[in-house]
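Descriptive analysis of the structure
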Amino acid sequence: MTLFKDPAFNFNGLLALGGSGYGAGEVGEVLTAVNTINKAGLSAQTYTETFKKLGDQLMEAPQGSKPGTQTTRFRALRAAQYYGQALFFVLGSDDPGSEEQLYKAGRGAWDTFCELCDPAPVTANVPYEKTPLPVWLFRPDASGERRPTVILTNGSDGQNVDMWTYGVSAALERGWNALVYDGPGQGQLLFVDQVVFTPQWETVVTPLVDWLAARSDVDMGKIALTGLSMAGDLAPRAAAFENRIAALVTMPGVLMPWLGFPPEIRKILTPDKEETNNIWNKEVVPALPPAAAATMKKRIEPFSVPAMLDAREGKMFTDFYTPAKLIESLDITNVVGRIKMPTLVLDYDYEQFYPGQPRRLFDKLTAPKDYVKLTTATGAQLHCSPMAPQQHCEVVFDWLQEKLTGR
């Protein structure tokens with residue numbers, strides 16, 4: 001399953017390819033982009049350029065007859081995917097300062113897609129501290145029927161289009177509502193509002209549940225919460241303190257996001273800020289190859305506004321200690337026992353970011369629980385099953401329907 005020799009680029013390419021099953025990609029477009037990038041020489045620059053160009057093309061009218069509404073809609077969804085692909089690697093490109101502009105291009109494509117849905121999702125800004133949370137509530141129809149509702153939580157570097165692939169489309173097909181949102185460290189709150197992750201994710205989810213509770217088309221006894229990628233840590237944290245959640249799904253289960261960083265990076269962190277930053281700036285940064293430096297900028301930016309702003313100027317951040325301590329504080333080991341609702345923990349063959357953590361989280365749960373491992377036998381291996389989101393959604397929604405609707 002090798003599109004690119006570099007594992008990070010390959011994983012992202014597989015995500016784009018897998019999104020094709022839900023219209024959030026096109027096999028021919030993705031493979032043509034892959035060939036173009038490999039022919040030019042794989043780099044953050046060629047990857048960003050190629051996928052941005054593809055997004056730009058899709059936001060223009062296609063050749064031939066005037067595009068219909070559905071054509072425009074799904075071209076915009078694919079454009080959102082491709083802008084997201086470009087965004088992921090832009091900090092390692094020749095133009096890191098275009099990050100916010102590139103995010104806004106992807107957000108514009110997403111908004112175009114949403115406006116053309118029938119019915120269009122209900123949009124709002126839900127109060128949260130000083131910066132409200134943008135939300136999109138997708139409904140199967142505009143009848144106002146009271147329905148089960150799933151709150152879909154993204155990870156540390158996903159975009160809204162990933163929530164379409166990993167939940168919205170599957171929810172609508174089954175007669176469910178689906179809520180998509182940007183939390184701190186994600187989407188608009190990160191790239192525009194400059195708000196980083198919080199370890200108290202219940203302060204994010206509770207206002208969302210409050211907002212849903214005010215609606216007549218939401219069955220408040222059937223609210224599910226899912227967490228994709230690093231949100232396999234965030235969603236359980238919220239569920240430990242928000243008892244209106246009726247079912248929880250972690251995709252995968254994550255106890256300690258800090259363990260998702262390589263040991264050689266984790267060992268830099270000492271109890272002393274000055275000592276830690278001296279090691280970082282004097283010993284580590286000078287020895288980082290360009291590709292590794294770009295990876296660190298990308299992985300740290302959702303936890304540090306100064307790091308993000310430095311990266312946009314082509315510079316490496318100098319304060320490693322502060323974002324590292326924030327990531328470390330996301331440890332939910334001591335709160336998992338508070339979770340009371342039925343919980344599904346997903347795991348994956350060859351889970352590359354959080355190996356072993358799904359099983360450890362599962363073992364700590366005292367609530368009714370199920371553990372499912374998606375495997376290589378059906379092409380569902382790797383973190384979040386990038387090649388098999390349809391299988392992924394089948395597992396999740398069959399479980400949710402059984403737990404919340406008895407079907």
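Structure: see above.
Cut-offs and rules
Residue numbering note: each chain is counted from 1, following its sequence as written. Only residues with pLDDT of at least 70 get local features here, since the model is predicted, and only at 80 or more are side-chain atom pairs given and counted; chain-wide, interface and lining totals rely on the full set of residues. Processing note: side-chain calculations cover all non-hydrogen atoms of the structure and skip hydrogens and water entirely. To get an axis, fit a line to the C-alpha atoms, keeping to the stretch in contact for a helix; angles then go from 0 to 180 degrees between the N-to-C directions. Starting at the N terminus, helices and strands are each numbered in turn, a helix being any DSSP run of H or I of at least four residues and a strand any DSSP run of E of at least two. By the definition adopted for this analysis, an angle is roughly parallel if under 35 degrees, roughly antiparallel if over 145, roughly perpendicular if from 65 to 115, and oblique otherwise. When the near helix sits turned anticlockwise from the far one by under a right angle, the crossing is termed left-handed; a clockwise turn instead gives a right-handed crossing. Pairs of residues are marked as contacts when any of their non-hydrogen atoms sit within 4.5 Å. For each residue, the accessible area found with a 1.4 Å probe, counting protein chains only, is set against the maximum for its type, and the residue is called buried under 20%, exposed over 50%, and partly exposed in between. One requirement defines pairing of two strands: DSSP has to find at least two bridges between them. Look down the strands so they point away from you; if going from the first strand over the helix to the second traces a clockwise path, that crossover is right-handed. Here a salt bridge means any side-chain nitrogen of Lys or Arg lying within 4 Å of a carboxyl oxygen belonging to Asp or Glu.

So, about the packing of helix α6 (residues 160-173) against helix α16 (residues 389-404). The contact between α6 and α16 brings their axes to 9 Å, and the two run at 55°. Comparing their axes, α16 and α6 come out oblique. Between α6 and α16 the crossing geometry is right-handed. Residues Thr 165, Tyr 166, Gly 167, Ala 170 and Ala 171 of α6 pack against Pro 389, His 392, Cys 393 and Phe 397 of α16.

When you tally the buried positions in strand β4 (residues 177-181), you get five out of five residues, the bulk of the element. Residues of β4 alternate between two faces, with Asn 177, Leu 179 and Tyr 181 on one and Ala 178 and Val 180 on the opposite face, all of them buried. One ladder, built from four bridges, connects strand β2 (residues 133-138) with β4; its direction is antiparallel. Bridge pairing in β4 links Phe 138 to Ala 178. Across four bridges, strand β3 (residues 147-153) lies against β4 in parallel orientation. Residue pairing for β4: Val 150 is matched across the bridge by Ala 178. Taking the sense of rotation as the criterion, the β-α-β connection linking β3, α6 and β4 turns out right-handed.

The next subject is the pattern of salt bridges. Taken as a whole and assessed by the stated rule, the structure comprises 19 salt bridges. Close ionic contact of Arg 78 with Glu 29 constitutes a salt bridge, the shortest N to O distance being 2.9 Å. With a gap of 49 residues between them, Arg 78 in helix α4 (residues 69-89) and Glu 29 in helix α2 (residues 27-40) connect regions that are remote in the sequence. Judged by its relative accessible area of 13%, Arg 78 falls in the buried class. Assessed through its relative accessible area of 19%, Glu 29 is described here as buried. Note that Glu 301 is salt-bridged to Lys 298, the shortest N-O span being 3.2 Å. We classify Glu 301 as buried; its relative accessible area is 1%. Owing to a relative accessible area of 7%, Lys 298 belongs among the buried residues under this scheme.

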